[in-house]
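Coordinates in review
Below, each chain spelled out in residue letters.
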Amino acid sequence: MVPPRGGAIGALLRGDHERAVASYQAALRLSRDHPVARVNLGLALLRWERPRTHHDPAWDADPRETTRARRALDVWSRQVRVLLAVATVVVTAAALGLGLHREAQIGGALVLGGVVAVTVRQAGRVPVWSRVPAMLRRDLWFTMDAAMALAGVGAYVAGLATLPADADGVWAGACGIVLLNGVAAGALRLLAEAWQGRPVRALAHFAAAGPVPAARRNADVALWILAGRAWWALALLLSLCVVAAQPRLAVAAVAVPGAVVLAVRRGGATSLLRATSRRDRPLALSLALLAVAALLLALAGAAPGRALAGAPAVPALGTAGLAACAALAGAAGAFAVRAARAWWSGAPGPWRSALIPCESRGRRLPGDASPPPGVSDAVRHAATYSRSVVLAYTHRGCPRALAVSAVTSVSASGELRLIAGDDAWEAVERDPRVVLFVGDPRFWAEVRGVAVPSGDVLCITPKRVLVREYPGRHQARAR
């Protein structure tokens, strides 16, 4: 039987990482060698998010409809950017290479008709336009893709209107936006994902989880995240040396591989790194090239050479600096090869979307892995033994109330496990927010929380508990 998806996994799935960390740490205090808690705690430390971040379970819209809408808008953004990039290259070649300035402008304007056709076609595949603004607010990268497509259209029109006989600054800037917006968006996403979460602590928990497939897969991704942090650190340091014209700042590059080694050793993931490097050759090559690039940069900063002819603003990093740039490019190429191989074979890639939670069918989490929500003993007793328990929820946009068949148990942290009808299960899949009313001869209680189906019961994690006493006889007479 699948273990109950209680407060810990529910918090992880909802993106409440602080609560998930506290929950799994509480579980590990009771059982230090529990693999499920180790793996999922590592995910919480990495600030893992479900792939379907654009959808809110509280919406009345079907998740399949919002997924189709997101896919349609993704395809629209990709097709528009590729179409405009190809058109920009052709128009540039015709205008500047062949001298067909007017013909290139006319042909480029006709391409906008193709953009309109793509837009109309993909717009017809969006079933829930009313939810698109909320989807854009929830998913940052989804919003960025759409914005990049719109920026590409604007830049293409501006470049086409200012198409000169010879290249100038405005036209070149517009062409750069059209051609490189996808590359810039991808680089920005990789930069943000590399510095998100705590991969060193996560690696320690993945290593302590033992031979669990989810732990091994997540550890591979965490090691790639560490390599990505080292790459970005070296690249940003090199950029700082170029912009500030201070080549001696490159000496600090020697600290980057030292920090990686120290992080791996402190996390107890040395053996895990050896095993992963034997399995993942691009990772081993990338780490080796990063170490070489750091040493070359430090050498170039310690003994700067002469400035490059014709470029006095460029710091003189010399041959060692150029070799360091080549090593950084090689590390990026190793990542690209690993990503392309994963994409081609359909295997997990070296990116965050390859992270997976662990839901073992073996030993369940010890006790309850939720921080105490403040449910009193009187409310626990009343919920378990009272026959006046009502579950309120939203079903197809309308409020519903249902008498609960039985509350099977109330955990030490206040999580309630109850048996309810099929309508409640269907409603909870769409909107997990519920309210449980518990009656007692002395008081009544209102428990607001989040319900998650688990096996044959509904698990409700309390978020707020309100207890009120019934009015006394003198209060009744006064009324």
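Preceding this section is the structure that the text describes.
Keep in mind that this is a model prediction, so the values were computed, not measured.

Details of the overall build of the chain
Along the backbone of the chain there are 17 helices and 7 strands. The buried share of the chain, reckoned over its 479 residues, is 44%. The long-range share in the chain, meaning contacts at least 24 apart out of those at least 6 apart in sequence, stands at 72%. Total accessible area on the chain stands at roughly 24600 Å², and carbon and sulfur atoms take up 61% of it.

Things to note about the packing of aromatic side chains
Inspection of every chain in the model, using the stated rule, returns 3 aromatic pairs. Note on W224 and F335: the rings are 5.6 Å apart at their centroids and 65° apart in plane angle, and the pair reads as edge-to-face. Here the residue W224 occupies a position in helix 10 (residues 213–244), and F335 occupies one in helix 14 (residues 318–345), the gap between them amounting to 111 residues. Classification of W224 by relative accessible area gives buried; the value is 6%.

A closer look at helix 5 (residues 101–123)
The end-to-end C-alpha separation of helix 5 is 34 Å, in line with the 33 Å expected for 23 residues at 1.5 Å each. Of all the residues in helix 5, the buried ones are A104, Q105, G108, V111, V115, V118 and Q122.

Overview of the packing of helix 4 (residues 63–97) against helix 7 (residues 140–161)
In contact at an axis separation of 9 Å, helix 4 and helix 7 are set at 25° when each is read in the N-to-C sense. Between helix 4 and helix 7, the interaxial angle falls into the category roughly parallel. Note that helix 4 runs across helix 7; the crossing there is left-handed. Counting all contacts with helix 4, which are made through R70, L73, D74, W76, S77, V80, R81, L84, A87, T88 and V91, the residues of helix 7 involved are F142, D145, A146, M148, A149, L150, G152, V153, Y156 and L160. Here the contact of helix 4 with helix 7 is built from residues that sort into 14 nonpolar, 3 polar and 4 charged.

As for the nonpolar core
Residues L12, V39, L203, F206, L234, L290 and L297 are the most contacted members of the largest nonpolar core, which totals 57 residues. Looking at this core, the elements that each hand over two or more residues are helix 1 (7–14), helix 2 (17–30), helix 3 (35–45), helix 9 (199–208), helix 10, helix 11 (255–266), helix 13 (281–302) and helix 14. Per element, the largest residue contribution to this core is 15 residues, and it comes from helix 10. The next biggest cluster of nonpolar side chains, apart from the first, holds 23 residues, and it includes V407, L416, A424 and L458.

Some thoughts on a nonpolar patch on the surface
A cluster of nonpolar side chains, contributed by V89, L179, L180 and V183, occupies part of the molecular surface with about 370 Å² of accessible area. With 3 residues, the top contributor of residues to the nonpolar patch is helix 8 (residues 169–194). On the secondary structure map, L180 appears in helix 8.

Here's the deal with unusual backbone geometry
With a phi angle near 55°, R47 is a residue other than glycine that sits in the positive phi range. Note on placement: R47 falls in the loop between helix 3 and helix 4.

Digging into the side chain of N218
With respect to the secondary-structure elements, N218 resides in helix 10. Within the structure, the side chain of N218 is placed 2.9 Å from the backbone oxygen of I356, a separation counted as a polar contact. Those residues in contact with N218, other than ones at most four positions away along the chain, are V39, L43, F206, A354, L355 and I356.

Let's talk about helix 13
Structurally, the α-helix is built with 3.6 residues per turn, so residues lying three or four positions apart point the same way. Between its first and last C-alpha atoms helix 13 spans 32 Å; for 22 residues at 1.5 Å apiece the expected length is 32 Å, and the two agree. Of the positions making up helix 13, those classed as buried are P282, L283, S286, L290, A293, A294, L297, A298, A300 and G301. Angular distribution of buried residues about the axis of helix 13 spans 160°; they occupy a single face of the element. Facing away from the buried side of helix 13 by more than 90 degrees, the exposed set consists of R281, L295 and L299. Looking at the buried residues of helix 13, the elements they touch are helix 10, helix 11, helix 12 (270–279) and helix 14.

Digging into the packing of helix 10 against helix 14
Close contact between helix 10 and helix 14 brings their axes to 11 Å; oriented N to C, the two are set at 150°. Between helix 10 and helix 14, the crossing angle belongs to the class labelled roughly antiparallel. Here helix 10 runs over helix 14; the crossing is left-handed. Residues W224, W231, L234, A235 and L238 of helix 10 lie in contact with helix 14, whose contacting residues are C325, L328, A331, A332, A334, F335 and R338. Taken together, the residues that form the contact of helix 10 with helix 14 break down as 11 nonpolar, no polar and 1 charged.

With respect to the pattern of salt bridges
Within this structure, the stated rule accounts for 6 salt bridges. Two residues, R338 and D280, come together in a salt bridge whose shortest N-O distance is 3.1 Å. Taken together, the residues R338 in helix 14 and D280 in the loop between helix 12 and helix 13 connect sequence positions 58 residues apart. Both residues of the pair, R338 and D280, belong to the buried class.

Thresholds applied
Residues numbered from 1 in each chain as written. Predicted model: local features only at pLDDT ≥ 70, side-chain atom pairs only at ≥ 80, totals over all residues. Heavy atoms only, no water. Helix = DSSP H or I, 4+ residues; strand = E, 2+ residues; numbered from the N terminus. Buried < 20%, exposed > 50% of the residue type's maximum accessible area, 1.4 Å probe, protein only. Contact = heavy atoms within 4.5 Å. Areas by Shrake-Rupley, 256 points an atom, 1.4 Å probe, with all protein chains shown as cover. Phe/Tyr/Trp six-rings, centres within 6.5 Å; stacked < 30°, edge-to-face > 60°. Expected span 1.5 Å × (residues − 1). Axes fitted to C-alpha atoms, helices over the stretch in contact; angles between N-to-C directions. Parallel < 35°, antiparallel > 145°, perpendicular 65-115°, else oblique. Left-handed = near helix turned anticlockwise from the far one by under 90°. Nonpolar A, V, L, I, M, F, W, Y, C, P; charged D, E, K, R; others polar. Core = buried A, V, L, I, M, F, W, Y, C linked by side-chain atoms within 4.5 Å. Patch = residues over 30% accessible without salt bridge, like charges linked within 9 Å, V, L, I, M, F, W, Y side chains within 5 Å. Salt bridge = Lys/Arg side-chain N within 4 Å of Asp/Glu carboxyl O. Polar contact = N/O pair within 3.5 Å; in protein donor to acceptor, adjacent residues only side chain to side chain. Arc of directions from axis to C-beta.

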